[in-house]
Amino acid sequence: MKKKRKQNSSSIMLRSFIWVITLIMLISSLAMVVSIGNQLLEMTRENSDGVIDSLEETIIDDDGDWNKWVLNNTLDTSTSYVHVVNQRGDAKRENYYSPGTKKLLSTQKTKVPLIKNLYYRQGRGFYYYSEGRAKGIDYKLWVNLDEQIEILERAVAVTLVILLLTLIISPLYINVIAERLTNSLKKLTNSAEKATTTSTEQNATLLVPDSPTEVTNLANSFNRLLAQVYKQNEKDKLFVSNAAHELRTPIAAIRSHAQLIQRRGHEHPEVIDKSIQYINDESYQMQALVDELLTLSRAGRVELEMMPVNLAKLVQTVVTKLDSVTTQSIDIQASAGASVVANAESLQQILTNIITNASKYSPSDSQIKIKIVDGNQPVISIYDTGSGISQEDKEHIFEQFYRSPEVRGTIQGTGLGLSIVKQLAELNHITIEFADNVPRGTIVKLIFNQAPENN
């Protein structure tokens, strides 16, 4: 049995890079050839459509009509073959064939798979077929593609030459790079091996080689990535734990009332309505939590479409939608011309969450005031006269699932609304500020910053 020969990093990198480069060049060459072929075919189709359109505007019965049409036509008809089927009552002849067409049609044709209207005629080459009908006359057009095939063959030849040169030059260059990287990569590999033995509860780091710069930067990048992964892993664990905790309570309540109905529903029907109402309320709360979890998970992965938004109209739209939900009166003070470049849908969600919060924590007979100030940095301010936000709570206000101990269990909520607001605000280049509304309540300010010009 032949013993497998060990290979060093340099030879493995060399072989791997050659395979990758070869594959990339083959794919690129194929894509280029397909693109050129498709463009040539599209040009032929457009030219054929032009010829058909021109034919439909005339009547051809004989060679005289054909020659007259060719002379008056600005389109390239040098490679066109036309079969005219005249079904009109005043036709001089039912079938007319342009020069060479009858001989062309006598050869056997084969349909080219996957490409519409493309045929191969034995001994004559490739032809593109098109047809049209007007004034009781059918026009059948065949366009010779010899010139297009020749261009395509040249493109194939050029790509093959480029591929061959690449395969000759690449190994020499790659071998030099691979040798320079080997020593530092060995150190990095040994450091990575040690990091794999580190407990998952610790934030592992890799040894950073002094040179070359690329490997040094790579090691630093790995360390930043490891730190980010560790941090994100901890956040994910906390998020899952909190989500499970928030879902466990309504699920337990639903199961409890379902079991109550199951055990005592027949003997005590009066418990059914109350339990069903409780189940409905808890399931609604669960649905709200799941919806906000989905919104939160998507918020960081989407790229919003920005467009001019009139703030006064947007705020009025949100207030109208919330009219049946909020018990407080809402006063809007706005300049009709205030506008920003932002995503209208996410702005509506931001305002909905903030106004809903203002309503939940304010007396039902109070007033919520919304003020819009125009300028280089337009500002939307939402004033309420609720219980306000303590300094301690302000430090945790954007944390997922965080709710003040004073309101937890007394006012419904998931603790995710402001987390969603923060992520959507960042995507819209909005700064959020919280202030006390003296003598009582909270002021939430949405400050619209100018987005970078390359956005």
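Residues numbered from 1 in each chain as written. Predicted model: local features only at pLDDT ≥ 70, side-chain atom pairs only at ≥ 80, totals over all residues. Heavy atoms only, no water.

Trainee: What is the right way to read the overall build of the protein chain from this model?
Mentor: When helices and strands are tallied, the protein chain shows 10 helices and 13 strands. Carbon and sulfur atoms make up 55% of the accessible area of the protein chain, which amounts to about 28700 Å² in all. (Helix = DSSP H or I, 4+ residues; strand = E, 2+ residues; numbered from the N terminus. Areas by Shrake-Rupley, 256 points an atom, 1.4 Å probe, with all protein chains shown as cover.)

Trainee: Please explain the packing of aromatic side chains as it appears in this structure.
Mentor: Geometry of an aromatic ring pair is reported as the spacing of the ring centres plus the angle between the planes. According to the stated counting rule, one finds 5 aromatic pairs in the structure shown. Ring geometry for Y119 against Y129: centres 6.4 Å apart, planes inclined by 90°, an arrangement best described as edge-to-face. Residue Y119 is found in strand 4 (residues 118-121), and its partner Y129 is found in strand 5 (residues 125-134); the two are separated by 10 residues along the sequence. For the pair Y119 and Y129, one class covers both residues: buried. Taken together, the ring pairs in this structure connect Y119, Y129 and W142 into an aromatic cluster. In this structure, K111 packs its charged tip against the face of Y119, placed 5.9 Å from the ring centre. (Phe/Tyr/Trp six-rings, centres within 6.5 Å; stacked < 30°, edge-to-face > 60°. Buried < 20%, exposed > 50% of the residue type's maximum accessible area, 1.4 Å probe, protein only. Lys NZ or Arg CZ within 6 Å of the ring centre and 35° of its normal.)

Trainee: Please explain the side chain of Q328 as it appears in this structure.
Mentor: Mapped onto the fold, Q328 is located in the loop between helix 7 (311-321) and strand 8 (329-333). Separated by 3.0 Å, the side chain of Q328 and the backbone oxygen of S362 make a polar contact. Engagement of the side chain of Q328 in a polar contact is seen with the backbone oxygen of P363, the distance being 3.1 Å. Contacts of Q328, omitting those with residues within four sequence positions, involve S359, S362, P363, S364, S366 and I368. (Polar contact = N/O pair within 3.5 Å; in protein donor to acceptor, adjacent residues only side chain to side chain. Contact = heavy atoms within 4.5 Å.)

Trainee: Sorry if this is basic, but what is going on with the sheet that holds strand 4 here?
Mentor: In a beta sheet, neighbouring strands pair by backbone hydrogen bonds and run either parallel or antiparallel. Across the sheet, which stays open at both edges, the 6 strands sit in the order 2-1-6-5-4-3 with antiparallel pairing between neighbours. Unpaired on one side and paired on the other, strand 2 (95-97) and strand 3 (109-111) mark the two borders of the sheet. On average, adjacent strands in this sheet sit at an angle of 25° to one another, irrespective of strand direction. Note: strand 4 against strand 5, 4 bridges, orientation antiparallel. Residue pairing for strand 5: Y120 is matched across the bridge by F126. (Pairing = 2+ DSSP bridges. Axes fitted to C-alpha atoms, helices over the stretch in contact; angles between N-to-C directions.)

Trainee: Where do I start with the environment of V438 in this structure?
Mentor: Position of V438 relative to the elements: it lies in the loop between strand 12 (430-436) and strand 13 (442-448). When the C-alpha atoms of V438 and T385 are compared, they prove to be 8.7 Å apart, with 53 residues separating the residues in sequence.

Trainee: What exactly am I supposed to notice about the nonpolar core here?
Mentor: Grouped burial of nonpolar side chains is what soluble globular proteins tend to show. Core analysis: the largest hydrophobic core is formed by 32 residues, its most contacted members being L347, I350, L351, I380 and L446. Counting residues per element, this core draws most heavily on helix 8 (residues 344-360), at 6 residues. Beyond its immediate chain neighbours, meaning those up to four positions away, L347 contacts V309, L311, L314, V340, A342, I430 and F448. Counting 17 residues, the second largest nonpolar core, distinct from the first, contains V51, L55, Y139 and L141. (Core = buried A, V, L, I, M, F, W, Y, C linked by side-chain atoms within 4.5 Å.)

Trainee: What is the right way to read helix 8 from this model?
Mentor: An α-helical turn contains 3.6 residues, so a residue and the one three or four places further along point in the same direction. Across its 17 residues, helix 8 extends 24 Å between first and last C-alpha, which sits within 8% of the 24 Å expected from 1.5 Å per residue. Restricting attention to buried positions, one finds in helix 8 the residues S346, L347, I350, L351, N353, I354, I355, A358 and S359. (Expected span 1.5 Å × (residues − 1).)

Trainee: Which parts of the structure should I look at to understand the confidence of the model for the protein chain?
Mentor: If pLDDT is low for a region, its predicted coordinates should not be looked at in detail. Across the protein chain, the average pLDDT comes to 78, with 78% of residues at 70 or higher. When the elements of the protein chain are averaged for pLDDT, helix 6 (residues 270-299) gives the smallest value, 68, and strand 13 the largest, 91. (pLDDT = per-residue confidence, 0-100.)

Trainee: Which parts of the structure should I look at to understand the pairing of strand 10 (residues 367-373)?
Mentor: Where burial is concerned, the two faces of strand 10 differ: the one with I368, I370 and I372 is buried and the one with Q367, K369, K371 and V373 is not. In this sheet, strand 10 lies alongside strand 8 in parallel orientation, the contact comprising 5 bridges. Bridged to D331 within strand 10 is K369. Relative to strand 11 (residues 379-383), strand 10 is paired through 5 bridges, and the arrangement is antiparallel. Opposite K369, over in strand 11, you have Y383 as the bridge partner. Hairpin geometry of strand 10 and strand 11 is characterised by an intervening segment of 5 residues between the two adjacent antiparallel strands and by a positive phi of about 155° at G375.

Trainee: Can you help me understand the sheet that holds strand 8 in this one?
Mentor: Read across the sheet, 5 strands follow the order 8-10-11-13-12 without closing on themselves; strand pairing throughout is mixed. Bordering the open sheet on either side are strand 8 and strand 12, each of which pairs with just one other strand. The mean angle between the axes of side-by-side strands here comes to 15°, regardless of whether they run parallel or antiparallel. Contacting strand 8, strand 10, strand 11 and strand 13, helix 7 runs over the sheet at an angle of about 160° to strand 10. Strands in contact with helix 8 are strand 8, strand 10, strand 11, strand 12 and strand 13; relative to strand 13, the strand with the most contacts, it is inclined by about 170°.

Trainee: Sorry, what's going on with unusual backbone geometry here?
Mentor: Residue P439 is bonded to the preceding V438 through a cis peptide linkage, with omega at 10°. Tracing the sequence through the fold places P439 in the loop between strand 12 and strand 13. For K135, which is not glycine, the phi dihedral falls at a positive 55°. As for its position among the elements, K135 is in the loop between strand 5 and strand 6 (137-144). The backbone phi angle of H429 is positive, close to 60°, even though this residue is not glycine. If you trace the backbone, H429 turns up in the loop between helix 10 (417-427) and strand 12.

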